[in-house]
Amino acid sequence: QVQLVESGGGLVQAGGSLKLSCAASGFTFSTSAIGWYRQAPGKQRELVADISVGRTTNYADSVKGRFTISRDNAKNTVYLQMNTLKVEDTAVYYCNVRHPYYLRNVWGQGTQVTVSS
């Protein structure tokens, strides 16, 4: 069974940093592209960053230059390093498979990131 478990969230002040982890199991991680998403109160879920099998990365304009996505295939884990956090980064953060498409149906429980002013 496909499983994604997010962790590493917490409460930080604006300007601070957090590193999120996404532990994957139940599929061939090394041949899958993975994305980080977030859902803020009153907003729809949005793609924050993703990373391909070849480690090509993509970022939403709102986080470009502040967030870094990476992967460790030996640990079946994707990370999201978040620096210079802003209040507007407050959201529940999720990871999910971007490719192959048939794995996009599975979501983890998410991890809460709260940035205070």
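Scroll up to find the structure this text is about.
This write-up is about the structure you can find in this document.

Rules used in this analysis
Residues numbered from 1 in each chain as written. Predicted model: local features only at pLDDT ≥ 70, side-chain atom pairs only at ≥ 80, totals over all residues. Heavy atoms only, no water. Helix = DSSP H or I, 4+ residues; strand = E, 2+ residues; numbered from the N terminus. Polar contact = N/O pair within 3.5 Å; in protein donor to acceptor, adjacent residues only side chain to side chain. Contact = heavy atoms within 4.5 Å. Pairing = 2+ DSSP bridges. Axes fitted to C-alpha atoms, helices over the stretch in contact; angles between N-to-C directions. Disulfide = S-S within 2.5 Å. Buried < 20%, exposed > 50% of the residue type's maximum accessible area, 1.4 Å probe, protein only.

### Structural notes on the side chain of serine 32
- Structurally, the position occupied by serine 32 is in the loop between β3 (18-25) and β4 (33-39).
- Among the polar contacts made by the side chain of serine 32, one reaches the main-chain carbonyl oxygen of threonine 28 at a distance of 3.0 Å.
- With near-sequence residues (within four places) excluded, serine 32 lies in contact with Phe27, Val53, Arg71, Val97, His99, Pro100 and Leu103.

### Some remarks on the pairing of strand β5 (residues 46-51)
- In terms of strand pairing, β4 meets β5 through five bridges, oriented antiparallel. Residue glycine 35 lies in a different strand from β5, and its bridge partner there is aspartate 50.
- From the end of β4 to the start of β5, which pair antiparallel, there are six residues, and glycine 42 there has a positive phi angle of about 75°.
- Looking at chain direction, β5 and strand β6 (residues 57-59) are connected through three bridges and run antiparallel. Across the sheet, isoleucine 51 pairs through a bridge with threonine 57, a residue of β6.
- Where β5 hands over to β6, the hairpin turn is made up of five residues, of which arginine 55 adopts a positive phi near 75°.

### Describing the sheet that holds strand β2 (residues 10-13)
- The strand order across the open sheet formed by six strands is β2-β10-β9-β4-β5-β6, and the pairing between neighbours is mixed. Taken across any chain shown, the strands that pair with only one partner, and hence form the sheet edges, are β2 and β6. Ignoring strand direction, the axes of neighbouring strands in this sheet form an average angle of 25°.

### Some words on unusual backbone geometry
- Looking along the chain, the bond that leaves histidine 99 and enters proline 100 is cis, with omega of 5°.
- With respect to the element layout, proline 100 can be found in the loop between β9 (91-99) and β10 (111-116).
- One non-glycine residue, asparagine 76, lies in the positive phi region at around 50°.
- Residue position: asparagine 76 is located in the loop between β7 (67-72) and β8 (77-82).

### Focus on the state of the cysteines
- Here the structure, examined in full by the defined rule, presents one disulfide.
- The disulfide partner of cysteine 22 is cysteine 95, and the gap between their sulfur atoms is 1.9 Å. Taking the torsion about the sulfur-sulfur bond, which here is approximately 70°, the covalent link between cysteine 22 and cysteine 95 counts as right-handed. Here cysteine 95 lies in strand β9 and cysteine 22 lies in strand β3, a separation of 73 residues in the sequence.
- Of the residues examined, cysteine 22 reaches a relative accessible area of 1% and is grouped as buried.
- Among the residues examined, cysteine 95 registers a relative accessible area of 0% and is labelled buried.

Any link to function would need more than the numbers given here.
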